[in-house]
Amino acid sequence: MFILSGCSLYNSFRDFFFKEKDIEPVEVLVQEGMDEFDSGNYKSALEYFQKIKDWYPFSKYVTLAELKIADAHYQLLEYEDAIFAYQEFADLHPNNEAVPYVLYQIGRCYFDQMDTIDRDQTVTRKALENFRQLQKQYPQSLYAEKATDHIDKCLKNLAGNEFYIAMFYYKSKHYDAALQRFKSLVTNYPDVGVHRVALQYIAKCESSLAQQAQDN
């Protein structure tokens, strides 16, 4: 009775602030939102799904609306808003079957912002963290499998960045700093194609450091 009373109060409250003619049935909003989304009209789709959340917060379609809001932000390249919406979905519905997809999409939000190896790699590390979390929590998920290629790309980017910095130090004759970077490459990124060349530069750095010690 309490629940029914609460729903009745909500309906009265909603009807007080919105004219009945302005409130479309939730099924109509869902259909229109999906049609707009499938047509690539993501801003319009966002409006429909937001109406579902605002007007029908107890509807069975709310979880769909929450997910499609996140998807629309992602398609609009509004990555911060998308990450927030996906994370909110995962927090509110931890047992929902869509959570593996949501974790994958959070990783994609970071992954899609990755830059060249000479730039800051913060988003690369966040992408890698999320993809690994997905594989750890849902190892049998299709999305965990899809994340594997993205993880490889993240590792290559991070290794490339480490190599880029190491070479900068080496060319600047800061051999000790370069040596630490090359050693980090060998330890942290053994399987991304830079292991052999890193070992060669470790030997060069050690030789240069030994020569400097003799000269001093």
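Scroll up to find the structure this text is about.
Remember, it's a predicted structure, so these values are computed and weren't measured experimentally. (Residues numbered from 1 in each chain as written. Predicted model: local features only at pLDDT ≥ 70, side-chain atom pairs only at ≥ 80, totals over all residues. Heavy atoms only, no water.)

Novice: Could you give an account of helix α10 (residues 195–215), naming the residues involved and the relevant values?
Specialist: Between the first and last C-alpha of α10 there are 30 Å, a value that for 21 residues agrees with the 30 Å anticipated at 1.5 Å per step. Of the positions making up α10, those classed as buried are Ala198, Tyr201, Ile202, Cys205 and Ser208. Summarising the axial view, the buried residues of α10 lie within an arc of 135 degrees, below the 170-degree limit, and thus occupy one face. Of the residues in α10, the exposed ones pointing more than 90 degrees away from the buried face are Arg196 and Gln214. Of the surrounding secondary structure, the elements contacted by the buried residues of α10 are α8 (142–171) and α9 (175–188). (Helix = DSSP H or I, 4+ residues; strand = E, 2+ residues; numbered from the N terminus. Expected span 1.5 Å × (residues − 1). Buried < 20%, exposed > 50% of the residue type's maximum accessible area, 1.4 Å probe, protein only. Arc of directions from axis to C-beta. Contact = heavy atoms within 4.5 Å.)

Novice: Give a detailed account of the side chain of Asn161, specifying residues and quantitative values.
Specialist: Within the secondary structure, Asn161 is located in helix α8. Residues contacting Asn161, with those up to four places away along its chain left out, are Ile117, Arg119 and Gln121.

Novice: Go over the nonpolar core, please, and point to the residues and values.
Specialist: With 48 residues, the main nonpolar core has Tyr86, Val102, Tyr170 and Phe182 as its most contacted residues. Those elements giving two or more residues to this core turn out to be α4 (62–75), α5 (79–92), α6 (99–111), α7 (122–137), α8, α9 and α10. In terms of residue count, the dominant contributor to this core is α8 (ten residues). Not counting chain neighbours up to four residues away, the residues in contact with Tyr86 comprise Leu67, Ala70, Asp71, Tyr74, Tyr101, Val102, Gln105, Ile106 and Cys109. Core analysis: the second largest hydrophobic core is formed by 16 residues, Ile23, Val26, Ala45 and Ile69 among them. (Core = buried A, V, L, I, M, F, W, Y, C linked by side-chain atoms within 4.5 Å.)

Novice: Tell me about the packing of α4 against α6, and please be specific about residues and values.
Specialist: In contact at an axis separation of 11 Å, α4 and α6 are set at 20 degrees when each is read in the N-to-C sense. With respect to α6, the axis of α4 lies roughly parallel. Along this stretch, α4 crosses α6, giving a crossing that reads as left-handed. Of α6, the residues touching α4 (which contributes Leu67, Asp71 and Tyr74) are Tyr101, Val102, Gln105, Arg108 and Cys109. Looking at the contact of α4 with α6, its residues break down into five nonpolar, one polar and two charged. (Axes fitted to C-alpha atoms, helices over the stretch in contact; angles between N-to-C directions. Parallel < 35°, antiparallel > 145°, perpendicular 65-115°, else oblique. Left-handed = near helix turned anticlockwise from the far one by under 90°. Nonpolar A, V, L, I, M, F, W, Y, C, P; charged D, E, K, R; others polar.)

Novice: Can you break down the packing of aromatic side chains residue by residue, with the values?
Specialist: For the structure shown, the criterion picks out 13 aromatic pairs. Consider the rings of Tyr74 and Tyr79, whose centres lie 6.0 Å apart with planes at 65 degrees: the pair is edge-to-face. Each ring, one from Tyr170 and one from Tyr175, has its centre 5.5 Å from the other, and the planes form 70 degrees; the classification is edge-to-face. When sorted by exposure, Tyr170 lands in the same class as Tyr175, which is buried. Geometry around Tyr201 places Lys204 over its ring, the cationic atom sitting 4.5 Å from the centre. (Phe/Tyr/Trp six-rings, centres within 6.5 Å; stacked < 30°, edge-to-face > 60°. Lys NZ or Arg CZ within 6 Å of the ring centre and 35° of its normal.)

Remember, this is a structural readout, not a statement about activity or role.
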